[in-house]
Amino acid sequence: MNKQREKLLTMLTYKRKEGSVGQKLFNDRFLRPMMGKPDATGNFICLVVDGKIINKVDNTKPLKAGTIAFMAHHDTVHRTDGIQKVFYDPTTDFAFVDGDECLGADCTTG
């Protein structure tokens, strides 16, 4: 299994209700190292050029005209907090959970 797929599957194990411990742990492990500290409302902002992060944007300054912003939320709709077991089927290239919680993939792939 390649490292990107392995990382995504690890990211999917975090159940991240808004404001939960799981969300904080996810942010600390995956978002802060790449994007730095969030602003006062929890937004992570950085500048990416040609697929490379060139700096962590000072989010008190306005961005230049023509800047493109990609946004995603980093919480999920899980009913509970914590870590879940994620299964991966290499023959279909699908990840899934066994139970009544969601995979949370839309928030993780954002």
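Residues numbered from 1 in each chain as written. Predicted model: local features only at pLDDT ≥ 70, side-chain atom pairs only at ≥ 80, totals over all residues. Heavy atoms only, no water.

Considerations on the nonpolar core
Argument step 1. With seven residues, the main nonpolar core is built from Met11, Tyr14, Phe26, Phe30, Leu31, Met35 and Phe44.
Argument step 2. By residue number, the principal contributor to this core is helix H2 (residues 21-35), which donates four residues.
Argument step 3. If we skip the residues at most four places from it in the chain, Phe26 touches Met11, Tyr14, Arg16, Leu31 and His74. (Core = buried A, V, L, I, M, F, W, Y, C linked by side-chain atoms within 4.5 Å. Buried < 20%, exposed > 50% of the residue type's maximum accessible area, 1.4 Å probe, protein only. Helix = DSSP H or I, 4+ residues; strand = E, 2+ residues; numbered from the N terminus. Contact = heavy atoms within 4.5 Å.)

Here's the deal with the environment of Lys37
Argument step 1. You can see Lys37 is positioned in the loop between H2 and strand E2 (47-49).
Argument step 2. Residue Lys37 is classed as exposed on the basis of its relative accessible area, which comes to 69%.
Argument step 3. Distance from Lys37 to Asn27, taken between C-alpha atoms, is 9.6 Å for residues 10 residues apart in sequence.

Some words on the confidence of the model for the protein chain
Argument step 1. In this model, the protein chain carries a mean pLDDT of 81, and residues with pLDDT of at least 70 account for 79%.
Argument step 2. Per-element confidence in the protein chain ranges from a low mean pLDDT of 67 for strand E3 (residues 52-55) to a high of 95 for strand E5 (residues 87-89). (pLDDT = per-residue confidence, 0-100.)

A closer look at the pattern of salt bridges
Argument step 1. With the rule as written, the count across this model stands at five salt bridges.
Argument step 2. Arg5 serves as the salt-bridge partner of Asp93, at 3.0 Å between the closest nitrogen and oxygen. With Asp93 in the loop between E5 and strand E6 (94-96) and Arg5 in helix H1 (residues 3-12), this pair connects stretches of sequence that are 88 residues apart.
Argument step 3. Accessibility expressed as a relative area gives 28% for Arg5, which makes it partly exposed.
Argument step 4. We note a salt bridge from Asp100 to Arg79, for which the minimum N-O separation is 3.0 Å. Of this pair, Asp100 sits in the loop between E6 and helix H3 (105-109) while Arg79 sits in the loop between E3 and strand E4 (82-83); the two residues are 21 residues apart in sequence, bridging distant segments of the chain.
Argument step 5. Relative accessible area serves as the criterion here: at 62%, Asp100 is assigned to the exposed category. (Salt bridge = Lys/Arg side-chain N within 4 Å of Asp/Glu carboxyl O.)

Here we look at H1
Argument step 1. Where H1 is concerned, the buried positions are Leu9, Met11 and Leu12. Buried residues in H1, looked at end-on, bunch into an arc of 160°, giving them a common side. (Arc of directions from axis to C-beta.)

Here we look at the packing of aromatic side chains
Argument step 1. Evaluated as defined, the whole model comprises four aromatic pairs.
Argument step 2. Plain terms: the ring middles of Tyr14 and Phe26 are 5.9 Å apart, the flat faces sit at 70° to each other, and that makes the pair edge-to-face. Of the two residues, Tyr14 is situated in strand E1 (residues 14-15) and Phe26 in helix H2; the sequence distance between them amounts to 12 residues. Of the two residues examined, Tyr14 and Phe26, each falls in the buried class.
Argument step 3. A network of ring pairs unites the aromatic residues Tyr14, Phe26 and Phe30 as a single cluster.
Argument step 4. The ring of Phe26 has Arg16 sitting right over it, with the charged end atom 3.8 Å from the ring centre. (Phe/Tyr/Trp six-rings, centres within 6.5 Å; stacked < 30°, edge-to-face > 60°. Lys NZ or Arg CZ within 6 Å of the ring centre and 35° of its normal.)

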